[in-house]
Amino acid sequence: MTEPRRVLVTGGNRGIGLAIATAFRDAGDKVVITHRSGTPPEGLDGVICEVTDTASVDAAFTAAEKLLGGPVEVLVANAGVTRDGLLMRMPDDDFEGVIDTNLTGAFRCVRRASKAMIKARHGRIILISSVVGLAGGAGQVNYAASKAGLVGLARSVTRELGGRGITANVVAPGFIVTDMTEELPDARKVEIVKSIPAGRMAQPGEVADVVRFLATDAAGYISGAVIPVDGGLGMGH
Ligand SMILES: NC(=O)c1ccc[n+]([C@@H]2O[C@H](COP(=O)([O-])OP(=O)(O)OC[C@H]3O[C@@H](n4cnc5c(N)ncnc54)[C@H](OP(=O)(O)O)[C@@H]3O)[C@@H](O)[C@H]2O)c1
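Residues numbered from 1 in each chain as written. Predicted model: local features only at pLDDT ≥ 70, side-chain atom pairs only at ≥ 80, totals over all residues. Heavy atoms only, no water.

Of regular secondary structure, the protein possesses 8 helices and 7 strands. Expected size for 237 residues packed as a compact globule is a radius of gyration near 18 Å; at 17 Å, the protein falls within 12% of this value. The C-alpha extent of the protein, read off along each of the three principal axes, is 50 × 40 × 35 Å. For the protein, with 237 residues in total, the buried portion stands at 46%. Taking contacts inside the protein between residues at least 6 apart in sequence as the whole, the part at least 24 apart equals 67%. For the protein, the accessible area works out to roughly 11,600 Å², and carbon and sulfur atoms hold 54% of it. (Helix = DSSP H or I, 4+ residues; strand = E, 2+ residues; numbered from the N terminus. Rg over C-alpha atoms; globule rule 2.2 N^0.38 Å. Buried < 20%, exposed > 50% of the residue type's maximum accessible area, 1.4 Å probe, protein only. Contact = heavy atoms within 4.5 Å. Areas by Shrake-Rupley, 256 points an atom, 1.4 Å probe, with all protein chains shown as cover.)

Below, the structure is given as structure tokens:
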């Protein structure tokens, strides 16, 4: 039986983040999720965090460390948004806002987590990207750029901190059944499913299982990798 790890999942109040947090908790780990408002889901500890705000990220980590009884050993940077629109009509705010949440938000969390990980000479960093990060997406220049940026972030962390027992990996989900995909028009969903070799969207738990694996000792020599969980949608990238 391995020791329970101290895990922080950003945006863990719903969707993929909630599935990830639940999977770690059910495996016996100590888990704190971040949420922006309200109360955390039943059975999980939560701290308030707005990832676009460095002070909020710092305060959330400090509060999480208290709840966990020590520094974060496994960081899952999952919080993310879409603000889709065609390139020619996309306002600066929609581009910058998505980058600030999805990419800079992850950077803020990784930077805050890294200090204790370096000291402990151990850490697991998992960034939730998207198939769109490598394949691109029409109407998603902001989202795709933010998700591609996570690859450079994880790989640079791997080069900087790989010698200190820290791994940094990217998980790139395809289409997963959550509020984010629920927003898509039905006709678009049918089109999407047709393009997925697996012939279906995935459940959030299917992403969670891969994230959990990356945090295990068995995955200790995997770093700087992009692991697709997309039913074959992104093959070839
Ligand atoms: N669903 C998919 O098909 C899919 C595919 C590929 C990648 N992904 C990625 O997987 C991650 C989770 O997606 P999901 O489908 O579970 O999305 P979701 O259901 O829309 O949940 C997004 C989560 O991120 C949080 N969040 C958003 N902006 C934030 C901010 N500025 N500060 C702090 N938290 C913030 C949300 O908090 P609130 O509840 O407060 O809004 C929520 O907890 C995202 O990074 C997404 O890009 C999803």
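Look at helix H5 (residues 141–161): 30 Å from first C-alpha to last across 21 residues, which is about the 30 Å you get at 1.5 Å a residue. Within H5, burial applies to Asn142, Tyr143, Ala144, Ser146, Lys147, Leu150, Val151, Leu153, Ala154, Val157, Thr158 and Leu161. (Expected span 1.5 Å × (residues − 1).)

Counting residues in each nonpolar core, the largest one holds 29 residues, and the members touching the most others are Leu8, Phe61, Leu75, Ile125, Leu127 and Val157. Going through the elements one at a time, helix H2 (54–68), strand S4 (74–77), helix H3 (92–120), strand S5 (123–128), H5 and strand S6 (166–173) are the ones with two or more residues in this core. It is H5 that provides the largest number of residues to this core, a total of 6 residues. By size, the runner-up hydrophobic cluster in this structure holds 24 residues, among which are Phe24, Val74, Val76 and Leu214. (Core = buried A, V, L, I, M, F, W, Y, C linked by side-chain atoms within 4.5 Å.)

For helix H1 (residues 15–26), which comprises 12 residues, the first-to-last C-alpha distance of 17 Å matches the rise-based estimate of 16 Å (1.5 Å per residue) to within 8%. Among the residues of H1, Ile16, Gly17, Ala19, Ile20, Ala21, Ala23 and Phe24 are the ones counted as buried. Those residues of H1 that are buried are in contact with strand S1 (6–9), strand S2 (30–35), S4, S5 and helix H8 (204–214). One or two steps after H1, the chain reaches Gly28, where phi turns positive at roughly 100°.

Two faces belong to every sheet, and in a regular strand the side chains alternate between them. Among the 6 residues that make up S5, 6 are buried, leaving the element largely enclosed by the rest of the structure. The side-chain alternation of S5 yields two buried faces, one formed by Gly123, Ile125 and Leu127 and the other by Arg124, Ile126 and Ile128. Of the pairings in the sheet, the one linking S4 to S5 comprises 4 bridges and is parallel in character. Following the sheet pairing, Val76 is matched in S5 by Ile126. (Pairing = 2+ DSSP bridges.)

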